[in-house]
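# A structural walkthrough
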Amino acid sequence: MIMQERQAFWIVLPVAVALGLLVLLLATGDPASERNNTFQLQGEVAPLIEGPTIDGGWFDIDDERGRWVIVNFFSTSCVPCIVEHPELVAFSDAHDALGDATVVSLAFDDRAENVVKFFQDNGGSWPVLAQDTGEIAVQYGVTGVPESYIVAPSGVVVGRFIGGLTAAALDDAIATLTGADT
Amino acid sequence: MTRRTASWLLVMVVALSALVVAAVDEGEPKTNADRAYSLAKDFACPVCQGQSIAESDVPIARTIRRNLRIWVDEGQSESFIRDELVSIYGEDIDYSPSTDGISALVWVLPIVGGVVAAAGLTIVFRRWKAEAISEASAADEALVAAARRERHDD
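Because the structure is predicted, anything quoted here is derived from the model rather than measured.

## Focus: the overall build of chain A
Tallying secondary structure elements over chain A gives five helices and seven strands in all. Secondary structure elements of chain A, listed N to C terminal, follow the sequence α-β-β-β-α-β-α-β-α-β-β-α. Classification of the 182 residues of chain A by burial places 34% in the buried group. Intrachain contacts of chain A at a sequence separation of at least 6 include 72% that bridge at least 24 residues.

## What about the overall build of chain B?
From N to C terminus, chain B includes six helices and zero strands. Order of helices (α) and strands (β) in chain B, N terminus to C terminus: α-α-α-α-α-α. The burial tally for chain B puts 15% of its 154 residues in the buried class. A sequence separation of at least 24 residues applies to 40% of the contacts in chain B between residues at least 6 apart.

## Quick word on the confidence of the model for chain B
Within chain B, residue pLDDT values average 86, and 95% of them lie at 70 or more. In the predicted assembly, ipTM is 0.70 and pTM is 0.70.

## Some points on the sheet that holds strand β4 (residues 101-107) of chain A
Residues and elements named next belong to chain A. Pairing is mixed across the open sheet formed by five strands, whose spatial order is β5-β4-β3-β6-β7. Strands with a single pairing partner mark the edges of an open sheet, and in this sheet they are β5 (128-129) and β7 (157-162). Direction of pairing for strand β6 (residues 147-151) relative to β7: antiparallel, over a ladder of five bridges. Paired with Ile-150 across the strands is Gly-159, a residue of β7. Where helix α2 (residues 79-98) meets the sheet, it contacts β3 (68-74) and β4, and its direction lies at approximately 150 degrees from that of β4.

## Considering unusual backbone geometry
Residue and element names in this part refer to chain A. A cis amide bond, omega -5 degrees, links Val-145 with the succeeding residue Pro-146. Residue Asp-109 is not a glycine yet carries a positive backbone phi of 55 degrees. With respect to the helices and strands, Asp-109 occurs in the loop between β4 and α3 (112-122). In this structure Asp-109 comes out as buried when scored by C-beta crowding, with 20 C-beta atoms within 10 Å.

## Focus: the interface of chain B and chain A
In this complex, chain B contributes 29 residues to the contact, which on the side of chain A involves 28 residues. If you tally residues by element for the side of chain B that touches chain A, the top one is helix α5 (residues 105-132) of chain B, at 12 residues. Considering only residue class, the side of chain B that touches chain A consists of 19 nonpolar, seven polar and three charged.

## Remarks on helix α6 (residues 138-153) of chain B
The terminal C-alpha atoms of α6(B), which comprises 16 residues, lie 22 Å apart, in line with the 22 Å expected from a rise of 1.5 Å per residue. For α6(B), the tally of buried residues reaches only zero of 16 residues, placing the bulk of the element at the surface.

## Let's talk about the packing of helix α2 (residues 32-40) of chain B against helix α3 (residues 59-73) of chain B
All names here are of chain B. Relative to each other, α2 and α3 sit at 130 degrees, their axes nearing to 9 Å. The orientation of α2 relative to α3 falls into the category oblique. The interaxial crossing formed by α2 with α3 has right-handed handedness. When α2 is examined against α3, the residues Asn-32, Ala-33, Arg-35, Ala-36, Leu-39 and Ala-40 are found in contact with a partner set consisting of Arg-65, Leu-68, Arg-69, Val-72 and Asp-73. Of the residues assigned to the contact of α2 with α3, the class counts are six nonpolar, one polar and four charged.

The rules behind each value
- One numbering rule holds for all chains: residues counted from 1, following each sequence as written.
- In the order they appear in the text, chains get letters beginning with A and ligands get numbers beginning with 1.
- Reporting of local features is limited, given that this is a predicted model, to residues whose pLDDT is at least 70; pairs of side-chain atoms are given and counted only at 80 or more, and all residues count toward the totals for whole chains, interfaces and linings.
- Helix numbering and strand numbering both begin at the N terminus, where a helix is a DSSP run of H or I of at least 4 residues and a strand a DSSP run of E of at least 2.
- Here a residue counts as buried when 20 or more other C-beta atoms fall within 10 Å of its C-beta, as exposed when 12 or fewer do, and as partly exposed in between; the C-beta atoms come from the backbone.
- Think of it this way: build a C-beta for each residue from its backbone, and any pair within 7 Å is a contact.
- By definition, pLDDT measures how confident the predictor is in each residue, and it falls between 0 and 100.
- Pairs of strands are assigned from DSSP output, requiring at least two bridges between the strands.
- All axes here are fitted lines through C-alpha atoms, helices being fitted over the stretch that makes contact, and every angle between N-to-C directions spans 0 to 180 degrees.
- When residue character is reported, Ala, Val, Leu, Ile, Met, Phe, Trp, Tyr, Cys and Pro are called nonpolar, Asp, Glu, Lys and Arg charged, and the others, Gly included, polar.
- Between the first and last residue of a helix there are one fewer steps than residues, each counted as 1.5 Å, and that sum is the expected span.
- Any angle between 65 and 115 degrees counts as roughly perpendicular, while under 35 counts as roughly parallel, over 145 as roughly antiparallel, and the rest as oblique.
- Crossings are classed by handedness, with left-handed meaning an anticlockwise turn of the near helix from the far one by less than a right angle and right-handed meaning a clockwise turn.

The following block contains the structure:
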């Protein structure tokens, strides 16, 4: 019997080691709750944003090289987007005069007519794309709205805001990043 | 080959056949929509817990599903689509663990454990069986005889 127990032990041992390593491997991975913190675009050239704007114009992010661009994904039905809108207006108004930064908004999973009405009601004179923005949203790795990306004058994505932002937070981020971007 | 061995072999053949058929016989997606849906099942919704892009109805999952359809319609390969989504949302989005680096152990360890366990059990069962049919010792026979006598006396 003792011999049988010893034999069983030598079978169980390697299986237990293999299973233990497997559990260790799975347990040491990033937890699912931290997935949203993954920011793959950091330091990458900003994915192309090009298309018609709701005022009948045309926007191409490559034409904005040389100044900061805040790429803002939003939805007219999202409360935090409504709350942050006046902050974007304030930021845009302040930087339009300086010419050093601009905002571009992309409606996410929304209707163009709702977007037009939203800007009529709430102000904002920056370019807004409302059609076929899904592919661009995926290219940026958007996970929800509001979500905003800071594109440096060099055309590289250097920051991201998940959730609502403020004009002061944007200014602080740009001030911090100014030394880093060339 | 005994009848019992043949029965076990038959059970193993049936079980293995069922596994192979289940793994292989899903059939190739027939349309682009089928292929896009099949791909959507392979990726995790980036903002959900335990739901695939195919299952989730949050806006980003719907958007990624639409993108999958566009990529499939464009004729992009599965590896292109996989690489694209992993480069954007990170490896966590891919339900199939990577076969490179330390992640490959996720594939290797269960196989190693299974093979070691099967081999070990086979060896031990054979050894135990050989021990079981060994002849009774004189002490065993004396014990059995005593038990019989006692029963007979009762």
